[in-house]
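What follows is each chain in one-letter form.
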Amino acid sequence: MTDDRPAADRRILRFVAFGIAVVLAVSGLTTRLFYLQITNVAQGVQQVAADTTVTQEIPSTRGLIYDRIGRPLVVNEPSYAVKIRPADLPDTERDRVVAELATLLKMSVGDINTAIDSNPGSRFDLVRIAQAVPKATADLIAEESASLPGVVVSVETQRQYLDGPLLSQILGYTGPIDAQELSALQSQGYLPDDLIGKTGVESVYEQQLRGTYGTETVQRDASGRPLQVLQTNQQPVPGDSLQLTIDAKEQKLAQQAVDWALKTAHLKSAVLIVENPQTGEILSMVSEPTYDDNAFATGISSKAYQALLNDPNQPLLNHAIAEQFPPGSTYKLVTATGALADKKITPTETFHTASYIYIGNTKFWDWHPGGFGDLSLQNGFAYSSDTFFYQVAMRLGVTRLAYWASQYGFGQPTGIDLPGEVSGIVPTEQWKQDTFGQPMQVGELAQAGIGQGYDTVTPLQLLDAYCALANGGTLYQPQVVREILGPDGTVVRPFTPKVIRKVPAPTADLQIMRLAARQVVASRMTYNLIDLPIVVAGKTGTAEFGVRDSKGRLPFHEWFVGFVPAHGDVSKPDSQLAVLGFVQDANTVGNVATEMVKYYLQLHFHLKVDLRLPALLAKGDFYGGD
Amino acid sequence: MGVLRVEPARAQQWAARSIGAIWRAYDLQLTIYALLLAGFGLAMAYSNTVEAGGAVLSPGSTFVRGLMWAALAIVVFTAATAFDYTWFKTFAWPIYIVNLGLLGLSLAIGDGIGGSARWVSIGPFQVQFSEIAKILMIIVLANYLARRQGRLDRPWPILGACLLVGPPIVLVVLQPDLGTSLVFGAILMGMLFLSGASLRWLGALTAVILAAIPIAWTYVLRDYQKQRLISFLDPSADPQGSGFQLLQAQSAVSSGGPFGKGLTNGVADGSFLPVQTTDFVFAKLGEELGFIGALVVFVLFCALIWRVLVSGWRSRDPFGLLVAAGVGSMILFQFVVNVGMVIGVMPITGIPLPFVTHGGASLISLAFGLGILQSVNIRQLRAEW
């Protein structure tokens, strides 16, 4: 009956071929099975033991942070975190689980979804959803675990910043590691659900603070869930602690001065920095407006974060280092020091000052109508005469002006141990060519000589330059971390001042400039600052920026930077306290920055007098130049 | 779409035959091998239930559900045997439409496990329609190719068969269920090969598929699928992640040794990871029943495939031959790929082990296919010598 099958012969071959394929395939499997089960038995059994146990990390305790007196600024609080293992969360369940979590955690659905989708690890790694979850909520989620597949509640420690916004700009905060950080740090033992220092010293000293994770052998069930700890292979080593140069009490005083000035003048943004000129230690650093680092440590909502990002006053930015501004008249220190050191002028040589001088065919105005007549250097500096310094700058020339600026540390980051520092601009011929494709104009040189035009500095750079003046010419690298302490409290890294360079000006010239700075105060250019029962020397500055108004006037920032000689004699380079005040966009009757620094000095020295002049902080119609 | 045509001729012949003739034409071996394999599956379900600490006979336990599915499978098998398979030829096109409908339905309303839409809940049962779809696809393809006997030297029937299988494969890939789509491919190739289609054109088809692999890799496969596909090459590269399953499976098998640890004595509880719970059942089998037990299973599979092929060979109706080719290819492919995956020579694809995996739909589907083969067997009007 086979004749009615077409192509039957061919089919026989095909069936035989199929049969051979079956035999070959099964033989292959059998061979492999034989290898696994018969020849490999001893090894295999061991492997089963090894595979049901895994090695996992034991987190180390993160180091603490103290102020210079030893007051704790950050502590580790036990807290609950909620995490999700995406592999255990079915896609169809995801919307429901996320919605339920959002209700329980009072988070937005979007934030949770973002967290899951930006998971830095694999699907089998835990993704951090929320930290600092209240115990009641954590208990509830743990109880509901049957209906929340993939959701895990774990106990961990969380950073608590005891002073909140007071030190946020310096301390920074920790937050969940992101994909980029993880790929860079995975080889150093970072885990996909780790917390990591995000900014401030928390980020700069991440390595020291983190410590070393230990390892333990854990028995787990076949699906990978840990059952019990079998043994600890390596104890975790707690992280080192930091002792800051910051004095929390001084920081509070600085904050008080800033708050008063901003409130009285109805302004938003100011900086106050206090530095020890002999060491470069930063005693306090306030940048307003700021934020609360606890909000980040406990997991900030995307809405709150957006609000911070969109604030025009940029509370997340440390204005002391991360932004650059025209220095205004404070920069005349550079012009004067350079001209003296280069012997372009002598201390006694006089220049004629007037309402304006001609440079080419353009009038260059003095801030003071009519000028001051003939002035020598000290009075030119004291009165901050612009026409005086136009002439000095032109004698010095653009190259030497830039040289002295960079000797004072401008145009380069100070190297402070905080993230996000910018370098500022010192205009040179080269810079002008590179940036604008044009040579430097002589008028621009004159502008640079009074700290206008292209010059920009960070408040910290400016303070550090005046510290070099105050200490006789040593430019120190500012530091906010004094010592690093081991877990047992021993000093792992002692404090050493770091010298950037010696400013190559003769000590005599620097002494002249210190006296000139004292003359600023003595001449009552700073109103009643001279009446404080301590000796203060310094320089004010008013820096125009932005867009001219209908009358052709520019808004301006206000500066005061000064120092207090240790024994009341500014001719001696012994000052241990230099202060910088900077107020942004301040159109006031008087210099807000000077008032702010004055108030800080009153608080710092516990002075019995109160010489604040709130009237100077009223809205003025001043606009431009001093 | 084809026109429905009733073919009543066979019904009378059926009625006219004696029970003895039917019994002689019935392939008892085929049934016995299938029952034995299903018995292994139940044994593993029993072992799992005991190890999980549950009462073996409590409703809802893996074992009880396995028993229920087995009972249902026997009903389906018997019904399919009794049913005149020639009706399938008549209704091939509607079956094809139903097939696409079921797959589309699971895509639309399916419950995902680990991010897929394979399962559809019907009452207490979760049914994986793609399992049923395999056998329906075999019927449709068998009908299509059987009607083109004698023209299989040319490329057009091959192309047509590919076009028929295309839509279901796409629907299954979308679920996403990579494994089942591969099974469809294996069924197609096996049926074309055994039907006697031109080797030249089959070779061309194979070349096209090989050429399409890089494209599929780039555009179709999801990251986790790729990760799973390549992790078998070096499972220790990511032992905590996608390689975890594989290392666990291999070490479990390896620990079984020649004679195994005995039922219910395994370490691995069969649920290596939330997904693919049951696809790794062979790891447990290897661990508890050892090399000897696994070898018995291998032999049973060979014997079963042999009987399936014999059924096809004996069928004078090309449809019967093609159904046998499809069922045989399906069983062989799933068996090799599943066991290969567990013992580390094949990538993880999520293909169940026929009869042994405790997946209801897979068992029903197999019972249905084997039932059709028995139906073919007993309706071949063999001369009673």
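Right above here is the structure, for reference.
Reference entry: report on the structure contained in this document.

Basis of the calculations
Residues numbered from 1 in each chain as written. Chains lettered and ligands numbered in written order. Predicted model: local features only at pLDDT ≥ 70, side-chain atom pairs only at ≥ 80, totals over all residues. Helix = DSSP H or I, 4+ residues; strand = E, 2+ residues; numbered from the N terminus. Expected span 1.5 Å × (residues − 1). Buried ≥ 20, exposed ≤ 12 C-beta atoms within 10 Å, placed from the backbone. Axes fitted to C-alpha atoms, helices over the stretch in contact; angles between N-to-C directions. Parallel < 35°, antiparallel > 145°, perpendicular 65-115°, else oblique. Left-handed = near helix turned anticlockwise from the far one by under 90°. Contact = placed C-beta atoms within 7 Å. Nonpolar A, V, L, I, M, F, W, Y, C, P; charged D, E, K, R; others polar. Core = buried A, V, L, I, M, F, W, Y, C linked by C-beta atoms within 7 Å. Domains from an automatic or database assignment. Pairing = 2+ DSSP bridges.

### Side note on helix α9 (residues 178-195) of chain B
Then, in step 1: Between its terminal C-alpha atoms α9(B) stretches 26 Å, which fits the 26 Å expected from 18 residues at 1.5 Å a residue.
Then, in step 2: Of all 18 residues that make up α9(B), 16 are buried, and the element is covered over most of its length.

### Side note on unusual backbone geometry
For residues that are not glycine, phi is negative in most cases, and the peptide bond is trans in most cases.
Residues and elements named next belong to chain A.
Then, in step 1: The peptide bond linking Glu-288 to Pro-289 adopts the cis configuration, its omega dihedral lying at -5°.
Then, in step 2: The topology assignment puts Pro-289 in the loop between β12 (282-288) and α11 (293-297).
Then, in step 3: Positioned with a positive phi, Arg-524 is a non-glycine residue whose angle comes to about 60°.
Then, in step 4: Positive phi is not limited to glycine here, since Tyr-527 has a value of about 55°.
Then, in step 5: With respect to the helices and strands, Tyr-527 occurs in the loop between α20 (507-522) and β21 (537-544).

### Points about the packing of helix α6 (residues 92-109) of chain B against helix α8 (residues 155-174) of chain B
All names here are of chain B.
Then, in step 1: In the contact formed by α6 and α8, the axes pass within 9 Å of each other and the chain directions differ by 15°. One element, α6, and the other, α8, form an angle in the roughly parallel class. When the axes of α6 and α8 are compared, the crossing they make is left-handed. Mapping the contact onto sequence places Asn-99, Leu-100, Leu-103, Gly-104 and Leu-107 in α6 and Pro-167, Pro-168, Leu-171, Val-172 and Leu-174 in α8.
Then, in step 2: Residues of the contact of α6 with α8, tallied by class, amount to eight nonpolar, two polar and no charged.

### Examining the environment of A:Gln251
All names here are of chain A.
Then, in step 1: Along the chain, Gln-251 turns up in helix α10 (residues 248-265).
Then, in step 2: Sequence separation between Gln-251 and Val-286 is 35 residues; the distance between their C-alpha atoms is 7.1 Å.
Then, in step 3: For Gln-251, the contacting residues outside a window of four places in its chain are Leu-166, Leu-167, Ile-246, Ser-284 and Val-286.

### Describing the nonpolar core
Then, in step 1: Residues A:Ala261, A:Ala270, A:Leu272, A:Ile273, A:Tyr466, A:Met596 and A:Tyr600 are the most contacted members of the largest nonpolar core, which totals 125 residues.
Then, in step 2: When residues of this core are assigned to their parent elements, the largest contribution, nine residues, is made by helix α19 (residues 459-470) of chain A.
Then, in step 3: Three or more residues apiece are contributed to this core by two domains, here domain 2 (55-240) and domain 3 (248-298 + 317-617) of chain A.
Then, in step 4: Ignoring sequence-local partners within four residues, the contact set of A:Leu272 consists of A:Ala254, A:Ala257, A:Val258, A:Val286, A:Gly581, A:Met596 and A:Tyr600.
Then, in step 5: Grouped together as the second largest cluster of nonpolar side chains are 111 residues, A:Phe15, B:Met137, B:Ala283 and B:Phe335 included.

### Describing the environment of B:Arg65
Residues and elements named next belong to chain B.
Then, in step 1: Inspection of the secondary structure assignment puts Arg-65 in helix α4 (residues 62-82).
Then, in step 2: For Arg-65, a count of 17 C-beta atoms within 10 Å corresponds to the partly exposed category.
Then, in step 3: In sequence terms Arg-65 and His-358 are 293 residues apart; their C-alpha atoms lie 8.6 Å from each other.

### Let's talk about the sheet that holds β21(A)
All names here are of chain A.
Then, in step 1: Strands sit in the order β12-β11-β23-β22-β21 across an open sheet of five strands; the sheet is antiparallel. The sheet is open, and its two edges are formed by β12 and β21, each paired on a single side. Shown here is a sheet whose adjacent strand axes are inclined to one another by a mean of 10°, direction ignored.
Then, in step 2: Of the strands in this sheet, β11 (270-275), β22 (556-564) and β23 (577-583) touch α19, which is tilted by about 150° from β23.

### Regarding the pairing of β12(A)
Residues and elements named next belong to chain A.
Then, in step 1: Among the seven residues that make up β12, seven are buried, leaving the element largely enclosed by the rest of the structure.
Then, in step 2: Direction of pairing for β11 relative to β12: antiparallel, over a ladder of six bridges. Bridge pairing links Leu-272 to Val-286 in β12.
Then, in step 3: Counting the residues in the hairpin turn of β11 and β12 gives six residues, including Gly-280, whose phi is positive at 85°.

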